[in-house]
Amino acid sequence: MSALIRGIGTLLSLEGAWKKSGRFVQTEDLGLISKAALLMDQGRLLWVGPEKKLKSALANLPRQYQKVTREWDVQGKTVLPGWIDGHTHLVYGGQRWDEFELRCQGVSYQEIARQGGGILSTVKATRAATKQSLKEISQKRVDEFLRQGVTTLEIKSGYALDLKGEIKQLEVARSLEGPQIITTFLGAHAKPPEFETHESYLQFLSEKVLPQIQKKKLADRVDIFIEKNFFEGEMAKNYLRRAQDLGFSLVVHADQLSLSGGTQIAVELGALSADHVIQLGPVEIQRLAQSETVAMLLPLADLYMKCEYPPARELIDHGACVALATDYNPGSCPSMDLSLVGLLARLYMKMSLPEVIAAWTVGAAKALALRDRGSLLAGFRADLQVVDLDWRGLFYQTGTSPVTQAFVGGKSMPL
Ligand SMILES: [Zn+2]
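Rules used in this analysis
Residues numbered from 1 in each chain as written. Predicted model: local features only at pLDDT ≥ 70, side-chain atom pairs only at ≥ 80, totals over all residues. Heavy atoms only, no water. Helix = DSSP H or I, 4+ residues; strand = E, 2+ residues; numbered from the N terminus. Rg over C-alpha atoms; globule rule 2.2 N^0.38 Å. Contact = heavy atoms within 4.5 Å. Areas by Shrake-Rupley, 256 points an atom, 1.4 Å probe, with all protein chains shown as cover. Donors = N, O, S within 2.8 Å, 3.2 Å for Na, K, Ca; no water. Tetrahedral: all angles 85-135°; square planar, octahedral: opposite > 155°, others 65-115°. Buried < 20%, exposed > 50% of the residue type's maximum accessible area, 1.4 Å probe, protein only. Core = buried A, V, L, I, M, F, W, Y, C linked by side-chain atoms within 4.5 Å. Disulfide = S-S within 2.5 Å. Pairing = 2+ DSSP bridges. Axes fitted to C-alpha atoms, helices over the stretch in contact; angles between N-to-C directions. Lys, Arg positive; Asp, Glu negative; His and termini not counted. Salt bridge = Lys/Arg side-chain N within 4 Å of Asp/Glu carboxyl O. Polar contact = N/O pair within 3.5 Å; in protein donor to acceptor, adjacent residues only side chain to side chain. Domains from an automatic or database assignment. Buried area = accessible area lost by both parts, 1.4 Å probe. 1 Å grid on protein atoms, 1.4 Å probe; cavity = no way out; pocket = protein on both sides within 12 Å on 5 of 7 lines; lining within 4 Å. Points joined across faces, edges and corners; volume = space filled by probe spheres on them.

Draft legend 1. Highlighting the overall build of the protein. When its secondary structure is counted, the protein shows 15 helices and 16 strands. For 415 residues, the compact-globule estimate of 2.2 N^0.38 gives 22 Å, and the C-alpha radius of gyration of the protein, at 21 Å, lies within 12% of that figure. Overall size of the protein, expressed as C-alpha extent along the three principal axes, is 70 × 45 × 45 Å. Intrachain contacts of the protein at a sequence separation of at least 6 include 73% that bridge at least 24 residues. For the protein, the computed accessible surface area is about 17,200 Å², with 51% contributed by carbon and sulfur atoms.

Shown next, in the form of structure tokens:
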């Protein structure tokens, strides 16, 4: 038994980009197949190719797959891998729109924090929120990602900054439905007011929180916000080493506001990704590009924060594997618009359209250490999207989604 999608105008398999591990991506690496079809079973792709070869492909499959029991004709639409958003802070309580208005009127971040705004206002609201209310609001946000064709979605904790609340955030994240959810523990997001120093808070996380997260299997990944006068240097490194010893993979919020050593630490410790990576010098660009650590770029946050954009062109030309993500969060990026992220990458970071498409698929899969998606090849997960648009029209307009159907693990999802 198998399920068939036929009538595909153009299919993008991303085969070449996958084989090159997301480095030096060209148009031919998109794996364009016109008049295509694909077969899937049990959530996996069985075959992908030109529809005229469908009959012989079916005949060559093992007998149990030869009978097609479900069929979709997508009538000339485009099919490509589902998008993978590898960096969000989606589970949070409260809102920060009042402080955004203040910021737009020129009030400084320090003044906003003094008035009780900033990240600690989200911490307060997230701690106070019930699990059920967090779940309801978070599910609506996840649905919005799915509507845009996102089939794998990363979600970080980091808005409770205490044992109970961080566990609550991760449990809520794990309970969300639609795209496959990957959770990351970001207790080291900011220092909560109960702790005097950043060191003492990291010590608390190492001794009391990390072992619990591991025991309850709530996350496989540990992230940290490395910045001058926050978590930095040896204390950050020691914390990450402790996480590594417990079996966690590492991720770093690195060099967003200043060159503060986050990228160097990420590369040295073999982190899966270094995220933001804006304030890089030639040495950091070279080291990151030649490492296995993915450069995770978040230009929509840079738009909101009126920051510089990351040096994507230099990173890519030096051989980096690049991923794009929304960084969706209530403070520095309250938008979930993937199309705008891609548009900014094209307009301000000199990324080509094939590079943007590969960054949202192959690059993001690598950043999440997921070897079975990001590309439509036989044996991979059947995570894909059907779009009513020529692929050359992607990341060109914003605000509307061309996605008409999404499959997660071979299952057609209601959008
Ligand atoms: Zn972030």
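Draft legend 2. Representation of the coordination of the zinc ion. Around the zinc ion, the protein contributes the donor atoms H87 (NE2), H89 (NE2), H253 (NE2) and D327 (OD), at 2.1 to 2.4 Å from the metal centre. Considering all four donor atoms around the zinc ion, angles at the metal cover 81 to 165° and the coordination shape is irregular. For the zinc ion, the single-chain donor residues occur in sequence as H-x1-H-x163-H-x73-D. With a gap of 238 residues between them, H89 in the loop between β6 (83-85) and α3 (97-104) and D327 in the loop between β13 (322-324) and α14 (338-348) connect regions that are remote in the sequence. In terms of burial, H89 and D327 fall into one category: buried.

Draft legend 3. View of the nonpolar core. In this structure, L38, F185, Y239, L297, L324, M351 and I357 are the most contacted members of the largest nonpolar core, which totals 128 residues. Ignoring any residue separated from it by four or fewer positions in sequence, one finds Y239 in contact with F185, A188, L202, L205, S206, L210, V222 and I224. Counting residues in hydrophobic clusters, the runner-up holds nine residues, among them L46, W47, A57 and L61.

Draft legend 4. Structural detail: the environment of E194. Residue position: E194 is located in the loop between β8 (180-188) and α8 (198-215). Classification of E194 as partly exposed rests on a relative accessible area of 48%. Placed 36 residues apart in sequence, E194 and F230 show a C-alpha to C-alpha distance of 15 Å.

Draft legend 5. Region of interest: the state of the cysteines. Across all of its chains, the model carries zero disulfides by this definition. Cysteine C333 is unpaired, with the sulfur of C307 as its nearest cysteine sulfur at 11 Å.

Draft legend 6. Up close: the sheet that holds strand β10 (residues 249-254). Strand order in the open sheet formed by eight strands is β6-β7-β8-β9-β10-β11-β12-β13, and the pairing between neighbours is parallel. The open sheet has two edge strands, β6 and β13, and neither has a second partner. Strand after strand, the sheet turns through a mean of 25° between neighbouring axes, direction not considered. In this sheet, β13 lies alongside strand β12 (residues 294-297) in parallel orientation, the contact comprising three bridges. Bridging from a neighbouring strand, L297 pairs with L324 of β13. Here helix α7 (residues 163-175) sits on the sheet and contacts β7 (150-156) and β8; the angle it forms with β8, its principal contact strand, is near 170°. Packing of helix α9 (residues 233-245) onto the sheet brings it into contact with β8, β9 (221-225) and β10, and relative to β9 it is tilted by some 175°.

Draft legend 7. Spotlight on the side chain of D337. By the secondary structure assignment, D337 is in the loop between β13 and α14. Look at D337: it is buried, it has no salt bridge, and the nearest opposite charge is R147 at 12 Å. A distance of 2.4 Å separates polar atoms of two side chains, one belonging to D337 and the other to S339. In this view, D337 contacts Q148, L300, T398 and G399; residues no more than four positions away in its chain are not counted.

Draft legend 8. Spatial organisation of the domain arrangement of the protein. Here the domain parsing of the protein yields domain 1 (2-82 + 374-413) and domain 2 (83-367). Each of domain 1 and domain 2 has a C-alpha centre, and the two are 30 Å apart. Roughly 2,600 Å² is buried in total at the junction of domain 1 and domain 2, and carbon and sulfur atoms are behind 66% of that figure. On the domain 1 side of the interface with domain 2, the three residues burying the most area are R23, G82 and F395, jointly 28% of the side's total.

Draft legend 9. View of the layout of surface pockets. In this structure, the largest pocket encloses a volume near 900 Å³. What lines the largest pocket is a set of 30 residues, among which R96, Y109, I119, F225 and F230 lie closest to the centre. Put simply, the parts of the chain that give the lining of the largest pocket at least two residues each are α3, α4 (109-114) and α5 (119-128). By residue number, the principal contributor to the lining of the largest pocket is α4, which donates three residues. Its volume calculated, the second largest pocket comes out at about 350 Å³. In this structure, the second largest pocket is lined by 22 residues; those nearest its centre are Q148, S339, T400, S401 and P402. Those elements that place two or more of their residues in the lining of the second largest pocket are α6 (131-147), α14 and β14 (384-387).

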